[in-house]
Amino acid sequence: MKSGIIVNFTCTMCFFNSLSVNATTLEARYNAAFPGSEDFTPVTRGNAFAGINWPVITGDNPGTIEMLGWGLIPSWVKDGDTAKKLRQQTLNARSETIFEKPSFRSSIKNKRCLIPSTGFYEWQHEGKKKIPWFIKMKEQEVFSMAGIWDEWVNTETGEIYRGFSILTTAANSIMERIHNTKKRMPVLLTVRNEKNWLSENGIKENLLPFFVPAPDEIMNPVAI
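Keep in mind that what you see is a predicted model, and the values were worked out from it rather than measured.

Peer 1: So what about the overall build of the protein? Which residues, and what values?
Peer 2: Within the protein one finds seven helices and 13 strands. Looking at the protein as a whole, 50% of its 224 residues are labelled buried. Considering only contacts within the protein whose residues lie at least 6 apart along the sequence, 69% involve residues at least 24 apart. Counting every atom, the protein has about 10900 Å² of accessible surface; 51% of that belongs to carbon and sulfur.

Listed below in structure tokens is the structure:
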């Protein structure tokens, strides 16, 4: 993908993520085994549009860290061309409409996941100038973004693809200043509510409390 296209996408939401710790640290952080750890190397700046895989913990298998593709393909997709197009469009999912969108409304009910991160990137716009920021947490080296996932089978090849989307919500005051065009941020989970996110009944009223912006005081943004 040409760099000019990537720059245009960066003003939309969290498409550049970091996970700059090793597999052993992830296993200890989530109290989970990482059988695919040989396929993982620490990521300083992962680009969602590059078709990358990412360590994820699903509600179906919370004791295991799995490598899933960034970009959800709904199980009902019929052909490879549609699947490829949708993957690029489902890197993020707006929490406000997630129960209505055909690509997401099944997964939010029973296929939720944790997406580990050590920080994410956003761009602040000042006139024609774009200022990159790296946003990490003050007290958590590794924190969790709320995600959903799905499994798609390519009927032409038999290949099974498992992919995820990062949920987004309205920005807190810090992110309003940084992400000042769209004013969005990822849905961030506390350590305390990670298990609840995975196991909660998928009724809309039970999940809405997760979709609030994270408090300003837990965040540590750095201009880069």
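Peer 1: Talk me through unusual backbone geometry; I want residue IDs and the actual numbers.
Peer 2: In this model, asparagine 31 sits at a positive phi of 50°, which is unusual for a non-glycine residue. Locating asparagine 31 in the fold gives a position in the loop between α2 (23-30) and β2 (43-47). For asparagine 31, a relative accessible area of 70% puts it in the exposed group. Of note in the backbone geometry, lysine 183 takes a positive phi value of approximately 55° without being a glycine.

Peer 1: Hey, could you go over the side chain of serine 95 for me, with residue numbers and the actual values?
Peer 2: Its place among the elements puts serine 95 in the loop between β5 (92-94) and α4 (107-110). You can call serine 95 buried: its relative accessible area is 4%. A distance of 2.8 Å separates the side chain of serine 95 from the backbone oxygen of threonine 168, its partner in a polar contact. Once residues lying within four places of it in the same chain are set aside, the contact partners of serine 95 are Thr168, Thr169, Arg184 and Phe211.

Peer 1: Let's hear about the packing of aromatic side chains: which residues, and what values?
Peer 2: Applying the stated criterion to the full structure yields eight aromatic pairs. Geometrically, the ring pair formed by tryptophan 197 and phenylalanine 211 is edge-to-face, given 6.1 Å between the ring centres and 70° between the ring planes. In this pair, tryptophan 197 is assigned in helix α6 (residues 191-199) and phenylalanine 211 in the loop between α7 (204-207) and β13 (219-223), connecting sequence segments 14 residues apart. Given a relative accessible area of 0%, tryptophan 197 falls into the buried group. Under the relative-accessibility criterion, phenylalanine 211 is labelled buried at 8%. Taken together, the ring pairs in this structure connect Trp54, Trp70 and Phe164 into an aromatic cluster.

Peer 1: Quick rundown of α6? Include the residues and the values.
Peer 2: Every buried residue of α6 is accounted for by Asn193, Glu194, Trp197 and Leu198. The buried residues of α6 occupy an angular sector of 150° when the element is viewed end-on, so they sit on one face. When the buried face of α6 is taken as reference, the exposed residues oriented beyond 90 degrees from it are Arg192, Lys195 and Ser199.

Peer 1: Quick rundown of the side chain of glutamate 122? Include the residues and the values.
Peer 2: Position of glutamate 122 among the secondary structure elements: in strand β7 (residues 119-126). Of the buried charged residues, glutamate 122 lacks a salt bridge, with arginine 184 as the closest side chain of opposite charge at 9.3 Å. A polar side-chain atom of glutamate 122 sits 3.1 Å from the main-chain amide nitrogen of cysteine 14.

Peer 1: So what's going on with the sheet that holds strand β1 (residues 16-19)? Which residues, and what values?
Peer 2: With antiparallel pairing, five strands are arranged side by side in an open sheet as β2-β1-β7-β8-β13. The open sheet has two edge strands with one neighbour each: β2 and β13. The mean inter-strand angle of the sheet, taken between neighbouring strand axes irrespective of direction, is 30°. Relative to strand β8 (residues 129-137), β7 is paired through seven bridges, and the arrangement is antiparallel. Bridge pairing links phenylalanine 120 to isoleucine 135 in β8.

Parameters at a glance
- Residues numbered from 1 in each chain as written.
- Predicted model: local features only at pLDDT ≥ 70, side-chain atom pairs only at ≥ 80, totals over all residues.
- Heavy atoms only, no water.
- Helix = DSSP H or I, 4+ residues; strand = E, 2+ residues; numbered from the N terminus.
- Buried < 20%, exposed > 50% of the residue type's maximum accessible area, 1.4 Å probe, protein only.
- Contact = heavy atoms within 4.5 Å.
- Areas by Shrake-Rupley, 256 points an atom, 1.4 Å probe, with all protein chains shown as cover.
- Polar contact = N/O pair within 3.5 Å; in protein donor to acceptor, adjacent residues only side chain to side chain.
- Phe/Tyr/Trp six-rings, centres within 6.5 Å; stacked < 30°, edge-to-face > 60°.
- Arc of directions from axis to C-beta.
- Lys, Arg positive; Asp, Glu negative; His and termini not counted.
- Salt bridge = Lys/Arg side-chain N within 4 Å of Asp/Glu carboxyl O.
- Pairing = 2+ DSSP bridges.
- Axes fitted to C-alpha atoms, helices over the stretch in contact; angles between N-to-C directions.

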